[in-house]
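Secondary and tertiary structure notes
Here are the chains, one letter per residue:
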Amino acid sequence: MKNTIIRPIELKDNKAVAKMVRTVLIELGVPKVGTAYEDVSLDKMYETYMPKAMQYFVVEEEGEIIGGAGIGPLEGEKEVCELQKMYFLDKARGKGIGSEMMNTCIAYAQKNEYKQCYLETMPYMKAAQKLYKKTGFEYLETPMGNTGHYSCPVWMLKKL
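Small disclaimer: the values here were computed from a predicted structure and weren't measured.

**Things to note about the overall build of the protein chain**
- A tally of helices and strands in the protein chain yields four helices and seven strands.
- Order of helices (α) and strands (β) in the protein chain, N terminus to C terminus: β-α-α-β-β-β-α-β-α-β-β.
- Relative to the compact-globule value of 15 Å for 160 residues, the protein chain shows a C-alpha radius of gyration of 14 Å, a close match.
- Principal-axis analysis of the C-alpha atoms gives the protein chain an extent of 40 × 35 × 30 Å.
- Within the protein chain, the proportion of its 160 residues that are buried is 50%.
- Expressed as a percentage of contacts within the protein chain between residues at least 6 apart in sequence, the contacts between residues at least 24 apart total 66%.
- On the protein chain, roughly 8400 Å² of surface is accessible, and the fraction owed to carbon and sulfur atoms is 53%.
- If the 22 positive side-chain charges of the protein chain are averaged to one point and the 21 negative ones to another, these points end up 3 Å apart.

Spelled out as structure tokens, the structure:
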């Protein structure tokens with residue numbers, strides 16, 4: 001990991017983060033409808049994650065945004081946060097950055113007194129699911145909250 005840092009998003013990162021997320025979604029064949037691809041917030045992530053108990057973290061390598069993930073409240077649920085928009089460009093994968101990012105996000109969630117962390121993903125994102133399970137997430141039979149991501153049929157939850 002050459003000059004790789006995980007840090008909170010800054011206003012100047014908005015365009016790069018939106019491009020990175022959409023690039024990964026297209027690469028992985030994720031539907032553009034009913035997923036993060038069409039989220040209005042994707043083009044203004046810094047502003048979206050400004051409220052209390054919300055944070056988006058980016059992975060920066062030599063000045064380039066190569067990944068990111070966020071924590072925010074799960075709409076419709078009390079004391080439950082959601083791991084949001086965790087994506088990494090191909091060049092960031094397989095280097096342990098995902099585990100580092102998970103630790104960063106979970107620590108932030110615990111510091112903000114969330115009791116559980118929820119996520120949604122796609123069935124074919126096996127590497128991501130392996131990381132989530134390793135981090136303590138368990139599969140759910142039904143979705144929680146109101147994410148608007150009706151095209152994501154895999155739901156997981158971790159007690160914090």
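Structure shown, so let's carry the discussion forward.
**Considering the packing of aromatic side chains**
- Counted under the stated rule, the structure contains three aromatic pairs.
- Between Phe 57 and Tyr 108 the ring centres are 5.9 Å apart and the planes differ by 75°, which places this aromatic pair in the edge-to-face class. With Phe 57 in strand β2 (residues 55–61) and Tyr 108 in helix α3 (residues 97–111), this residue pair connects regions lying 51 residues apart in the sequence.

**Section: the sheet that holds strand β1 (residues 4–8)**
- If you trace the seven strands from one edge of the open sheet to the other, you get β1-β2-β3-β4-β5-β7-β6, paired in mixed fashion. Of all strands in the sheet, those bounded by a partner on one side alone are β1 and β6 (138–139).
- As judged from the three bridges shared by strand β4 (residues 80–88) and strand β5 (residues 116–121), these two strands associate in the parallel manner. The residue of β5 that forms the bridge with Cys 81 is Cys 117.

The rules behind each value
Residues numbered from 1 in each chain as written. Predicted model: local features only at pLDDT ≥ 70, side-chain atom pairs only at ≥ 80, totals over all residues. Heavy atoms only, no water. Helix = DSSP H or I, 4+ residues; strand = E, 2+ residues; numbered from the N terminus. Rg over C-alpha atoms; globule rule 2.2 N^0.38 Å. Buried < 20%, exposed > 50% of the residue type's maximum accessible area, 1.4 Å probe, protein only. Contact = heavy atoms within 4.5 Å. Areas by Shrake-Rupley, 256 points an atom, 1.4 Å probe, with all protein chains shown as cover. Lys, Arg positive; Asp, Glu negative; His and termini not counted. Charge placed at Lys NZ, Arg CZ, Asp CG, Glu CD. Phe/Tyr/Trp six-rings, centres within 6.5 Å; stacked < 30°, edge-to-face > 60°. Pairing = 2+ DSSP bridges.

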